[in-house]
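# Observations on the three-dimensional arrangement
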Amino acid sequence: MDSNIEQPEKPVISKGIDGFFKDINNICRFIIRIFVEAFKRPVEIREVIRQCYQVGYKSLALITMTGFITGLVFTKQSRPSLSEFGATSWLPSLIAIAVIRALAPLVTALICAGKVGSSIGAELASMRVTEQIDAMEVSAINPFKFLVTTRVLATTISIPILVAYTGLVGLLGSFLDIHLNEQTSFISFFQEAFKNISFLDFITTGVKAVVFGFTIGVVSCYQGYHATQGTQGVGKAANISVVISMFLIFIEEIFIVQIANSIR
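Analysis parameters
- Residues numbered from 1 in each chain as written.
- Predicted model: local features only at pLDDT ≥ 70, side-chain atom pairs only at ≥ 80, totals over all residues.
- Heavy atoms only, no water.
- Helix = DSSP H or I, 4+ residues; strand = E, 2+ residues; numbered from the N terminus.
- Buried < 20%, exposed > 50% of the residue type's maximum accessible area, 1.4 Å probe, protein only.
- Disulfide = S-S within 2.5 Å.
- Core = buried A, V, L, I, M, F, W, Y, C linked by side-chain atoms within 4.5 Å.
- Contact = heavy atoms within 4.5 Å.
- Axes fitted to C-alpha atoms, helices over the stretch in contact; angles between N-to-C directions.
- Parallel < 35°, antiparallel > 145°, perpendicular 65-115°, else oblique.
- Left-handed = near helix turned anticlockwise from the far one by under 90°.
- Patch = residues over 30% accessible without salt bridge, like charges linked within 9 Å, V, L, I, M, F, W, Y side chains within 5 Å.
- Areas by Shrake-Rupley, 256 points an atom, 1.4 Å probe, with all protein chains shown as cover.
- Salt bridge = Lys/Arg side-chain N within 4 Å of Asp/Glu carboxyl O.
- 1 Å grid on protein atoms, 1.4 Å probe; cavity = no way out; pocket = protein on both sides within 12 Å on 5 of 7 lines; lining within 4 Å.
- Points joined across faces, edges and corners; volume = space filled by probe spheres on them.
- Nonpolar A, V, L, I, M, F, W, Y, C, P; charged D, E, K, R; others polar.
- UniProt positions renumbered as here; feature names shortened; annotations may be inferred.
- Polar contact = N/O pair within 3.5 Å; in protein donor to acceptor, adjacent residues only side chain to side chain.

Glancing now at the environment of Ile-203. The residue Ile-203 is located in helix α8 (residues 199-225) in this model. We classify Ile-203 as partly exposed; its relative accessible area is 40%. Ile-203 sits 70 residues away from Ile-133 along the chain, and the two C-alpha atoms are 38 Å apart.

This is the structure:
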C-alpha cells in the first residue's frame, strides 16, 4: 500500500467534543477580530449609521406595540393580587421595578434577536453563498470590517436605546391602565414609579442592553459570515442566529441578575 496516502486525523477526545472546542476557538478569534477592526482606520461611520437605522428605527413599530402591551397587561394582571391586600397604590412602583429591571431589556433583546438577528444572519449568508464577500476581498475591500464590525457596533449601540424606549413605553401603558382605574395623575404615577428604583438598577439594565446587543450582533454575523451549503445555508444561518441568540440572552440574564443581587 502507498505510505503517502494521508490517514484521517484521529480525534483527541471525540469528534463531537473536538468540534465543540474548535467552534469555541473560532468564535473567540472572531470576537477578537471584531475589536481589532473596530479600532482600525478608516472607520465606516456611514455604514454604522445605516445599520443603526436598520436595527433601531425599523424596529420601533414592533417595539412600541410590544412594550406598551407588556406594561398594560402586566398592570392588569398585578392589580387583583394587590387589591386583595388593599395595596393597589404600590402598582406604579411594582411595575417600574419589573419593567426597568427585567422586562424592558429582556423583551427588547428577544424581539431584536428574532427580527434583527435573523435578518443579519440571512443577509450575510446570502452574500457568502453568492460569493459577494469573496468579490469584495478581490476588490481590496475589507469585507469583515464593512459587513461584520459595522453590524455588531450597530446592534451594540441601538439596542440599549431601544431598551430605554421600551421601558418608557411600558410605563406609559401601565400609567394608562392605572389612570383609568384610580385616576392617578401623570406626575404622581412617575413619582411613585421611580421611588424604589436605584442607580444600580439603571446601571444593571444598561449593562444588560449592551451585552444583549453585542451578543445578537456577534452570533448573527458569525452564522451568516460562515454560512455554507448554498441557499439552504441562508435559512439555516437565519434560524440558528435566532435560537442561539435567545439561548445566550437567557444565560446572560441569569448571570447579570445574580451579580447585581450580590452587589445590592
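Text resumes after the structure shown.
Below, the discussion takes up the state of the cysteines. One pass over the structure, following the stated rule, counts 0 disulfides. Among the cysteines around Cys-28, which has no disulfide bond, Cys-221 carries the closest sulfur, lying 16 Å off. Of the residues examined, Cys-28 reaches a relative accessible area of 41% and is grouped as partly exposed. There is no disulfide at Cys-52, and the cysteine sulfur nearest it, in Cys-112, is 12 Å away.

In this structure, Phe-30, Ile-34, Leu-124, Val-148, Phe-189, Cys-221 and Ile-249 are the most contacted members of the largest nonpolar core, which totals 49 residues. Listing elements by their share of this core, those giving two or more residues are α1 (15-38), α2 (45-55), α3 (60-83), α4 (91-129), α5 (132-138), α6 (143-182), α7 (186-193) and α8. In terms of residue count, α4 provides more of this core than any other element does, 16 residues in total. Excluding its chain neighbours within four sequence positions, the residues that come into contact with Phe-189 are Pro-92, Leu-171, Ser-174, Phe-175, Ile-178 and Thr-184.

Running from N to C, α6 and α8 point in directions that differ by 150°, and their axes come no closer than 8 Å. One finds that α6 runs roughly antiparallel with respect to α8. Crossing handedness for the pair α6 and α8: right-handed. Residues Pro-143, Phe-144, Leu-147, Val-148, Arg-151, Val-152, Thr-155, Thr-156, Ile-159, Pro-160 and Val-163 of α6 pack against Thr-205, Ala-209, Val-210, Gly-213, Phe-214, Ile-216, Gly-217, Val-218, Cys-221 and Tyr-225 of α8.

Another point: the environment of Gln-191. Summarising the element assignment, Gln-191 is placed in helix α7. Gln-191 gets classed as exposed once you look at its relative accessible area, which sits at 54%. Here the alpha-carbon distance between Gln-191 and Pro-92, two residues 99 residues apart in the chain, equals 8.7 Å.

Moving on to a nonpolar patch on the surface. A surface patch of nonpolar side chains, about 390 Å² in accessible area, is lined by Ile-17, Phe-20, Phe-21 and Ile-24. As for its placement among the helices and strands, Ile-24 is situated in helix α1. Ile-24 sits in the partly exposed class, given a relative accessible area of 37%.

We now examine the layout of surface pockets. Each pocket or cavity is described by its volume, and for the largest pocket that value is around 520 Å³. Lining the largest pocket are 15 residues; nearest its centre among them are Asp-23, Ile-27, Tyr-222, Gln-223 and Ile-244. Partitioning the lining of the largest pocket into residue classes produces 10 nonpolar, 3 polar and 2 charged. Taken together, 13 residues make up the lining of the second largest pocket; nearest its centre are Ile-100, Val-163, Ala-164, Phe-202 and Thr-205. Where the lining of the second largest pocket is concerned, the elements lending two or more residues are α4, α6 and α8. Examining the composition of the lining of the second largest pocket, we find that 6 residues originate from one element, α6, more than from any other. Looking at the lining of the second largest pocket, its residues break down into 10 nonpolar, 3 polar and no charged.

Let us now look at the UniProt feature "transmembrane region" (unreviewed entry) in the protein chain. Following the UniProt record, the feature "transmembrane region" (unreviewed entry) maps to residues 55-74, 94-113, 152-176, 202-225 and 237-260 here. End-to-end, the C-alpha atoms of residues 94-113 are 27 Å apart, and along that stretch the chain is 100% helix and 0% strand. Regarding residues 237-260, the helix share stands at 100% and the strand share at 0%, and the terminal C-alpha atoms are separated by 34 Å.

Position of Arg-79 among the secondary structure elements: in helix α3. Among the residues examined, Arg-79 registers a relative accessible area of 13% and is labelled buried. A polar contact of 2.5 Å, which involves the side chain of Arg-79, links it to the side chain of Asp-177. Contacts of Arg-79, omitting those with residues within four sequence positions, involve Thr-88, Leu-91, Asp-177, Ile-178, Asn-181 and Glu-182.

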